[in-house]
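Okay, here's what each chain looks like letter by letter:
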Amino acid sequence: MDKLYIRNKTLNIPLIQGGMGIGVSLGNLAGHVMREGGMGVISAAQPGYLEHDFKTNTIEANIRALEKEILKAREISNGQGLLGVNLMVAAEHYDVYAKAISQMDIDVIISGAGLPLELPTLSVNPDILLAPIVSSSKAMVLLIKRWLSRANRYPDLIIIEGPLAGGHLGFSWDQLNNQTFPSLESILSDVLIALKENNWDIPVFVAGGIYTKEDIQKFLELGATGVQMATRFITTFECDADIKFKEAFIYAKESDIRYVISPSGYPGRAIDNKLVTTLMSNEKIKVKHCYNCLKPCNPATTPYCITEALIQAVKGNIDEGLVFTGVNGYRNKTIVHVSDLINELFPKEESIV
Ligand SMILES: Cc1cc2nc3c(=O)[nH]c(=O)nc-3n(C[C@H](O)[C@H](O)[C@H](O)COP(=O)(O)O)c2cc1C
């Protein structure tokens, strides 16, 4: 497989490991993906959840933790691959985090869960690549025009996230309930047409439900430059979550994967458990402490605190936690090493003796 050059940065394999918050993709997972020549991504969603002052000094705790995780990923990577940080647009204090992150030792800022219209005006380091996540060609065109008019800057790569992804989904409840969402294949086709029509030469990565090397091959043949994959990397030894979080995938059945409401306003996809059943029967869980994490969330009316639920999950308290997953989460049946998974997904050409 040919190396991929994006400006002055090189990827040996066209793989982005999707950012997973809270605490699911930190420095360990990202560093091991980088070591294999891919892009490792640390999630900027409350990475400081284990810091002593997380509750009282959340922003500083998060920034401090991010710096530690970046250092860890760089050490593990042995100089290979690229390092990204995923920052959600829906995050409270987005501007503060974007500015802080753009001064850290990373290669890429990836930003979704909302349209990152202001990102190029906030990122102070021009060497860092900027990668918006979009779910339609319409959103992509709007975003590029805005970036050009405000900052005279193109995205360095674009990630399209389709309806089969994990975490928050960029589709409405109506679209999901009535199954009227477009497929990732059709969004990719629309995006490639729009890029061509506008003479924009930008690499496109696709995300959501990509699971096997055949899936990857299919999307490369359809014109994608690469893929972003998250769910498959959860059941690796190197994933930063507790073993019980990983086991929730090993034990999950297809029928356990369902939609869930989120204080972000976007629907999410998660593994069914006590919490999801409670929430989907319209019961509320009282917020004990507000971490001020998501712009759209009102702690007085929210059905639950998503920071609390995601922290419980990543720590292994599965019944009380929210276990985000892509549609294929139930297919993760063994825990493997990142190196073996990447060798399976991107087999090295066999040497001819
Ligand atoms: C546990 C989990 C947490 C996630 N957290 C985030 C996040 O914090 N920010 C984000 O932009 N996407 C998040 N995602 C989405 C992934 O980065 C990725 O784009 C998507 O899941 C790809 O689909 P796949 O999981 O089927 O490979 C999350 C996904 C999962 C499964």
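Figured I'd write up the structure that's included with this text. Throughout, residues of each chain are indexed from 1 in the direction in which the sequence is written. For a predicted model such as this one, the threshold for reporting local features is a pLDDT of at least 70, and the threshold for listing and counting side-chain atom pairs is 80 or more; totals across whole chains, interfaces and linings nevertheless cover every residue. By convention in this description, side-chain values take in all heavy atoms of the structure and omit both hydrogens and water.

1. So, the site of the ligand
Put simply, the rule reads: A molecule or strand has a residue near it when one of that residue's heavy atoms lies within 4 Å. Any N or O atom pair separated by 3.5 Å or less is treated as a polar contact, with the protein-specific requirement of one donor-capable and one acceptor-capable atom, and with residues adjacent in sequence counted only for side-chain atom pairs. Here the open area of atoms and residues is found with the Shrake-Rupley method and a 1.4 Å probe, where only the protein chains shown may cover a residue. Working definition: helices are DSSP H or I runs of at least four residues, strands are E runs of at least two. Numbering for both runs from the N terminus. Three categories are distinguished: nonpolar for Ala, Val, Leu, Ile, Met, Phe, Trp, Tyr, Cys and Pro, charged for Asp, Glu, Lys and Arg, and polar for the others, with Gly belonging to the last.
Close to the ligand lie 23 residues; G19, E161, G209, Q228 and T231 are nearest. Here Q228 contributes a side-chain N or O atom positioned 2.7 Å from an oxygen atom of the ligand. Note that an oxygen atom of the ligand is positioned 2.5 Å from one of the side-chain N or O atoms of T231. Within the complex, 95% of the 610 Å² of free accessible area of the ligand lies under protein. Mapped onto the shell around the ligand, the elements with two or more residues apiece are strand 5 (82-88) and strand 11 (226-229). Considered class by class, the residues forming the shell around the ligand number 10 nonpolar, 12 polar and 1 charged.

2. A look at the sheet that holds strand 9 (residues 167-168)
Counted only if it meets this: At least two DSSP bridges between two strands are needed for those strands to be called paired.
Strands sit in the order 9-13-12 across an open sheet of 3 strands; the sheet is antiparallel. Of all the strands in the sheet, just strand 9 and strand 12 (257-260) have a single pairing partner and so form its edges. Bridge count between strand 12 and strand 13 (residues 268-271): 4 bridges; the pairing is antiparallel. Its bridge partner lying in strand 13, Y259 is registered against R269.

3. So, the packing of helix 5 (residues 137-151) against helix 7 (residues 184-197)
Counted only if it meets this: To get an axis, a line is fitted to the C-alpha atoms, and for a helix only the part in contact is used. The angle between two axes follows their N-to-C directions and goes from 0 to 180 degrees. Throughout, a crossing is termed right-handed when the near helix is turned clockwise from the far one, and left-handed when it is turned anticlockwise from it by less than a right angle. Contacts were defined at the residue level, with two residues in contact if any of their heavy atoms lie within 4.5 Å.
For the pair helix 5 and helix 7, the least separation of the axes is 9 Å and the interaxial angle reads 35°. As helix 5 runs across helix 7, the sense of the crossing is right-handed. Contacts between helix 5 and helix 7 involve S137, M140, V141 and I144 from the first element and I187, D190, V191, A194 and L195 from the second. Per-class residue counts for the contact of helix 5 with helix 7 are 7 nonpolar, 1 polar and 1 charged.

4. Description of helix 9 (residues 243-251)
Going by this rule: When accessible area is computed with a 1.4 Å probe and restricted to protein chains, residues below 20% of their type maximum are described as buried, those above 50% as exposed, and intermediate ones as partly exposed.
The set of residues buried in helix 9 consists of F245, K246, A248, F249 and I250. Looking at the buried positions of helix 9, the neighbouring elements they touch are strand 13 and helix 11 (306-314). For helix 9, the N-terminal cap is D242; the gap from its side-chain oxygen to the backbone nitrogen of K244 is 2.8 Å.

5. Overview of the pattern of salt bridges
Stated precisely, the cut-off is as follows: The salt bridge criterion pairs a side-chain nitrogen of Lys or Arg with a carboxyl oxygen of Asp or Glu, the two atoms within 4 Å.
Considering all chains together, one arrives at 16 salt bridges under this definition. D107 is the salt-bridge partner of R74, the closest N and O atoms lying 3.2 Å from each other. Of this pair, R74 sits in helix 2 (residues 58-77) while D107 sits in the loop between helix 3 (94-101) and strand 6 (108-112), and the two are 33 residues apart along the sequence. Given the relative accessible area of 23%, R74 is considered partly exposed. As a salt-bridge pair, E344 and R232 come within 3.2 Å of each other at their nearest N and O atoms.

6. Regarding the packing of aromatic side chains
So the rule is basically this: The pairing test for Phe, Tyr and Trp rings, Trp by its six-membered ring, is centres within 6.5 Å, and the orientation test on the planes gives stacked under 30 degrees, edge-to-face over 60, and tilted for anything in between. When the NZ atom of lysine or the CZ atom of arginine is within 6 Å of a ring's centre and also within 35 degrees of its normal, the charge is said to sit over that ring.
Applying the stated rule across the entire model yields 3 aromatic pairs. Where W173 meets Y259, the ring centres are 6.2 Å apart and the plane angle is 85°; that geometry is what we call edge-to-face. Of this pair, W173 sits in helix 6 (residues 173-177) while Y259 sits in strand 12, and the two are 86 residues apart along the sequence. What makes W173 partly exposed here is its relative accessible area of 25%. We note R232 situated over the ring of Y211; from NZ or CZ to the ring centre the distance is 4.4 Å.

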